[in-house]
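So the chains spell out like this:
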Amino acid sequence: MIDKNSTTILSVQGLRASINGTEILKGIDLTVKSGEIHAIMGLNGSGKSTFAKVLAGHSAYEVTGGSVQFEGKNLLELPPEERARAGLFLAFQYPIEIPGVANTQFLRLAYNTVQAQRGKEELDPLEFDDFVREKMKLLEMKPDFLERSVNEGFSGGEKKRNEILQMALLEPRLSILDETDSGLDIDALKIVANGVNQLANKNNATILVTHYQRLLNYIVPDFVHVMQAGRIVMTGGKELALELETRGYDWINTNKQSVAGVTA
Amino acid sequence: MSEIVNTDYLQCLLKSWSVKSAESQSWLNQLRAQAIDRVSTQKLPTRRDEEWRFTDISPLARLPYQSSQPQYDLQLHDIEHLFLDEAKNRLVFIDGHYSPQLSTITDDKALVIGNLPEFLSAEGSILQSHLGQYAQFDDNVFTALNTAFLRDGALIHVPKNILIAEPIHLLFIATQNEVTSYPRCLLIGETGSQVTIIEDYVALQQAAYITNSVTEISLAASAHASHIRIQRESTQAFHLANCAVSLAHASNYQSVSISLGSQISRYNLDVRLTDEAAECVIDGLTLISDRQLADTHTCIDHLKPNGTSHQQHKCIVDDAAHAVFNGKIIVRPHAQRTNSSQSSRNLLLSRAAQIDTKPQLEIFADDVKCAHGATVGQLDPEEIFYLESRGLSEMAARNLLTYAFGAEIISRIPVTSLKRQLEQTVLNQTQSK
Ligand SMILES: Nc1ncnc2c1ncn2[C@@H]1O[C@H](COP(=O)(O)OP(=O)(O)O)[C@@H](O)[C@H]1O
Ligand SMILES: [Mg+2]
């Protein structure tokens, strides 16, 4: 929800980044305040995942210009783990499989690491088990998820749910969900969307990265940004997503001015 | 290493050899005599031998350790920590010699289990048709030596359609310095039987000694065996092991072998799928550091149609250690519709660490599915980033992924207490601080 008096969580200005000498992000501006849900849409290859990974601190990308403030800190100075501990969360488009490590072990390790950094209480395996099972209900996950190896042999939908489960455990200030809707059937999509909606509140914010409008029927964004060739070329309200759906991305090229009105 | 030293070495070893005719059957004496003949015509292998290209065992030639003598002063409490809760049957061998006092046999009604010499008359003809029939010693000097010195050994004979639920623990404990021991195992699984054995090589203290072991496994039609092999010898020891497996129609062999110990170790595993629809799953993990060398050579030989073999071998190599994996897969002309996969994955934890991995596919049938792949490398940066993005430090991420790399193989061990022990071992050896 948009609230003029809410605090700014993320402020991105003129962000440029390249990989192996190729510039992918070509000057991105974005402000996200607490309580808000933003959607970033755009065709495949427009730079959405790159933007998400640069924010999360992937070392393969070189930031060549601009600035990113996260909760008043210079985000770009922090290594990825400190960004996570500071409350930034990225749900991966392609979550990694870790055969040999039980999901519950991994989830508890991540949870306790972040808790410790925040000066909060860590949980032993039994306490954690109760805690995580409660969170799993939110996503209608079967208990055997805990004993299986991290993401190994999980279906696409199961992997995405596991990402949202991690989000539920780590309670980030800002969640970036990269194509969390892709590969989900409609039932799974509803469950995941419901989970995300339940986790969203006035003190946190969410960025949904997607190239379909479908997800936005279930998670209603306050802002929709359109990304093209490494820039945000248009920003609007939730109706912009529908507009894109009917008119297609080509329409952007003839209307490259920001649709005004909803910017906070 | 000169051949003169080689010959001396073998002759030196053979000094302690004698036929103990009083206790032995003539067929067994004949087998030993054949083996000794073969030893005298062979030499210690050198790196000029194709099968030993990567592994220099010349240090062995300076260590003509004599056969160990039985040692009787070990007490139960000295070795209890090595026992596994799940194992109701346990055969204990001290420096290769059977110890009835330290062994526990509870299932001798359901199956034949015990020390080989006890069964030479009762099981004579069965033993004669299996012992020494799978582990060929014609061109293998270590198998020949083991056979020449064959005396004590673990015998497990599971009758037709008998399922043994609890694992059987074969515990080979090294206690003496500067001796050679010759452990021997024979597992016979009759039609439709099922059993799990754990072949476990441990040392009570750091010592330099040689273990030369031979294991033979014969599975009749539709028999199942799970074979877990743990090599955790002293890091000054030499471990030279041969295992030969023969699989009949629709039988199923599952093997997990873990190599942790020894200064130099070599494990040869030969599996022959002698009849249709046999299956095997062969997993291995080598986890070594310092200046250890661990060499695993496997050969999976598909002789008949519709066989299946899946193999995954992993090595984690730290410091200046050196791991070798040579995985041969043969698909004979008649072995149509064979389905075979092999994966060799290797993780180098230091710049001086070394790995030689060589898949060797010899396929003579046309209708086969054969997938294989090998990787040698460091951890995947994408995996590290994933964990970092969950708040783990780079070090913690690396440690977790290294642990996971090994734990994936450990997780296939169907014995919980052993699995937990080994997970801890992997954890201890993969965590840098
Ligand atoms: N490692 C790389 N090297 C060079 N180009 C890359 C690399 N990774 C991604 N790209 C390019 O960056 C662009 C943006 O990719 P990405 O951020 O994944 O887009 P999106 O998530 O919007 O589909 C694409 O053109 C892609 O080809
Ligand atoms: Mg993407």
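It should be emphasised that the depicted structure is a prediction, and the values quoted were computed from it without experimental measurement. (Residues numbered from 1 in each chain as written. Chains lettered and ligands numbered in written order. Predicted model: local features only at pLDDT ≥ 70, side-chain atom pairs only at ≥ 80, totals over all residues. Heavy atoms only, no water.)

1. Focus on the overall build of chain B
Item 1. Each helix and strand in chain B was counted, giving eight helices and 20 strands.
Item 2. Rg of the C-alpha trace for chain B: 21 Å, near the compact-globule value of 22 Å for 433 residues, within the 12% margin.
Item 3. The dimensions of chain B, computed from C-alpha atoms along their principal axes, are 70 × 45 × 45 Å.
Item 4. Residues classed as buried in chain B amount to 59% of the 433 residues present.
Item 5. In chain B, once contacts between residues fewer than 6 apart in sequence are set aside, the share between residues at least 24 apart is 83%.
Item 6. The distance from the centre of the 35 positive side-chain charges to the centre of the 49 negative ones in chain B is 3 Å. (Helix = DSSP H or I, 4+ residues; strand = E, 2+ residues; numbered from the N terminus. Rg over C-alpha atoms; globule rule 2.2 N^0.38 Å. Buried < 20%, exposed > 50% of the residue type's maximum accessible area, 1.4 Å probe, protein only. Contact = heavy atoms within 4.5 Å. Lys, Arg positive; Asp, Glu negative; His and termini not counted. Charge placed at Lys NZ, Arg CZ, Asp CG, Glu CD.)

2. What about the coordination of the magnesium ion (ligand 2)?
Residues and elements named next belong to chain A.
Item 1. Listed as protein donors to the magnesium ion (ligand 2) are Ser49 (OG) and Gln93 (OE1); their distances from the metal cover 2.1 to 2.4 Å. Separated by 44 residues along the polypeptide, serine 49 in helix 1 (residues 48-56) and glutamine 93 in the loop between strand 6 (88-91) and strand 7 (98-102) bring together distant segments of the chain.
Item 2. What makes glutamine 93 buried here is its relative accessible area of 18%. (Donors = N, O, S within 2.8 Å, 3.2 Å for Na, K, Ca; no water.)

3. Topic: the site of ligand 1
Residue and element names in this part refer to chain A.
Item 1. Taken together, Ile19, Asn20, Ile24, Leu43, Asn44, Gly45, Ser46, Gly47, Lys48, Ser49 and Thr50 make up the full set of residues adjacent to ligand 1.
Item 2. Contact distances for ligand 1 include 3.3 Å between an oxygen atom and a backbone N or O atom of serine 46.
Item 3. Here an oxygen atom of ligand 1 sits 2.5 Å away from a polar atom, N or O, in the side chain of threonine 50.
Item 4. Computed on the free molecule, ligand 1 has an accessible area of 570 Å², of which 61% lies beneath the protein chains in the complex.
Item 5. Of the residues forming the shell around ligand 1, the biggest block, three residues, is contributed by helix 1.
Item 6. For the shell around ligand 1, the per-class residue count stands at three nonpolar, seven polar and one charged. (Near = heavy atom within 4 Å. Polar contact = N/O pair within 3.5 Å; in protein donor to acceptor, adjacent residues only side chain to side chain. Areas by Shrake-Rupley, 256 points an atom, 1.4 Å probe, with all protein chains shown as cover. Nonpolar A, V, L, I, M, F, W, Y, C, P; charged D, E, K, R; others polar.)

4. Details of the pattern of salt bridges
Residues and elements named next belong to chain B.
Item 1. Under the definition given, this model contains 24 salt bridges over all chains.
Item 2. With its nearest N and O atoms 3.3 Å apart, the salt bridge here joins arginine 53 to glutamate 50.
Item 3. The class of glutamate 50 is partly exposed, set by a relative accessible area of 49%.
Item 4. Note that arginine 266 and aspartate 295 form a salt bridge whose closest N and O atoms lie 3.0 Å from each other. Taken together, the positions of arginine 266 in strand 13 (residues 264-273) and aspartate 295 in strand 15 (residues 293-302) put the pair 29 residues apart, joining distant regions of the chain. Accessibility assignment for this pair places arginine 266 and aspartate 295 in one class, buried. (Salt bridge = Lys/Arg side-chain N within 4 Å of Asp/Glu carboxyl O.)

5. Structural notes on the domain arrangement of chain B
Residues and elements named next belong to chain B.
Item 1. Each assigned domain of chain B is listed here: domain 1 (8-275) and domain 2 (382-433).
Item 2. With centres defined by C-alpha atoms, the gap from domain 1 to domain 2 works out at 31 Å.
Item 3. On the side of domain 2, twelve residues touch domain 1, which itself brings twelve residues to the contact.
Item 4. Summing both sides of the interface, domain 1 and domain 2 together bury roughly 980 Å²; the carbon and sulfur share of this comes to 73%.
Item 5. Of all residues in domain 1, Glu86, Val256 and Leu260 give up the largest surface area on contact with domain 2, accounting jointly for 37% of the area buried on that side.
Item 6. The interface formed by domain 1 and domain 2 includes zero salt bridges.
Item 7. For the pair domain 1 and domain 2, the interface holds three residue pairs in polar contact (both at pLDDT 80 or more). (Domains from an automatic or database assignment. Buried area = accessible area lost by both parts, 1.4 Å probe.)

6. Brief notes about the sheet that holds strand 18 (residues 339-348) of chain B
Residues and elements named next belong to chain B.
Item 1. Spatially, ten strands are ordered 2-1-5-8-10-12-14-16-18-20 in an open sheet, and the strand pairing comes out mixed. Among the strands making up the open sheet, the edge pair consists of strand 2 (97-98) and strand 20 (369-377).
Item 2. In this sheet, strand 10 (residues 224-232) lies alongside strand 8 (residues 194-203) in parallel orientation, the contact comprising nine bridges. If you follow glutamine 194 over to strand 10, its bridge partner there is histidine 224.
Item 3. Across the sheet, helix 7 (residues 394-410) lies against strand 12 (252-259), strand 14 (279-288), strand 16 (308-317) and strand 18, angled at about 145° from strand 16, the strand it touches most. (Pairing = 2+ DSSP bridges. Axes fitted to C-alpha atoms, helices over the stretch in contact; angles between N-to-C directions.)

7. Considering the confidence of the model for chain A
Residue and element names in this part refer to chain A.
Item 1. Summarising the model, chain A shows a mean pLDDT of 92, and 96% of its residues fall at 70 or more.
Item 2. The weakest mean pLDDT in chain A belongs to helix 8 (residues 250-254) at 79; the strongest belongs to strand 6 at 98.
Item 3. Predicted confidence for residues 260-264 stays below pLDDT 50, and this span has nine contacts to residues more than four positions away or in other chains. (pLDDT = per-residue confidence, 0-100.)

8. Some words on the sheet that holds strand 4 (residues 61-70) of chain A
Residues and elements named next belong to chain A.
Item 1. Reading across the sheet, the four strands line up as 2-1-4-5 and stay open at both edges, with antiparallel pairing between neighbours. Whereas interior strands pair on both sides, the edge strands pair on one side only; in this sheet they are strand 2 (22-33) and strand 5 (73-74).
Item 2. Pairing of strand 1 (residues 8-19) with strand 2, which is carried by nine bridges, proceeds in the antiparallel orientation. Following the sheet pairing, isoleucine 19 is matched in strand 2 by threonine 22.

9. Describing empty space enclosed by the protein
Residues and elements named next belong to chain B.
Item 1. Following the criterion strictly, the structure yields four cavities of 30 Å³ or more and no others.
Item 2. Its volume calculated, the largest cavity comes out at about 90 Å³.
Item 3. Lining the largest cavity we find 16 residues, and of these Asp95, Ile173, Ala174, Ser181 and Thr211 sit closest to its centre.
Item 4. Listed by contribution, the elements that provide at least two residues to the lining of the largest cavity are strand 5 (168-174), strand 6 (180-181), strand 8 and strand 9 (210-219).
Item 5. At three residues, the largest contribution of residues to the lining of the largest cavity is made by strand 5. (1 Å grid on protein atoms, 1.4 Å probe; cavity = no way out; pocket = protein on both sides within 12 Å on 5 of 7 lines; lining within 4 Å. Points joined across faces, edges and corners; volume = space filled by probe spheres on them.)

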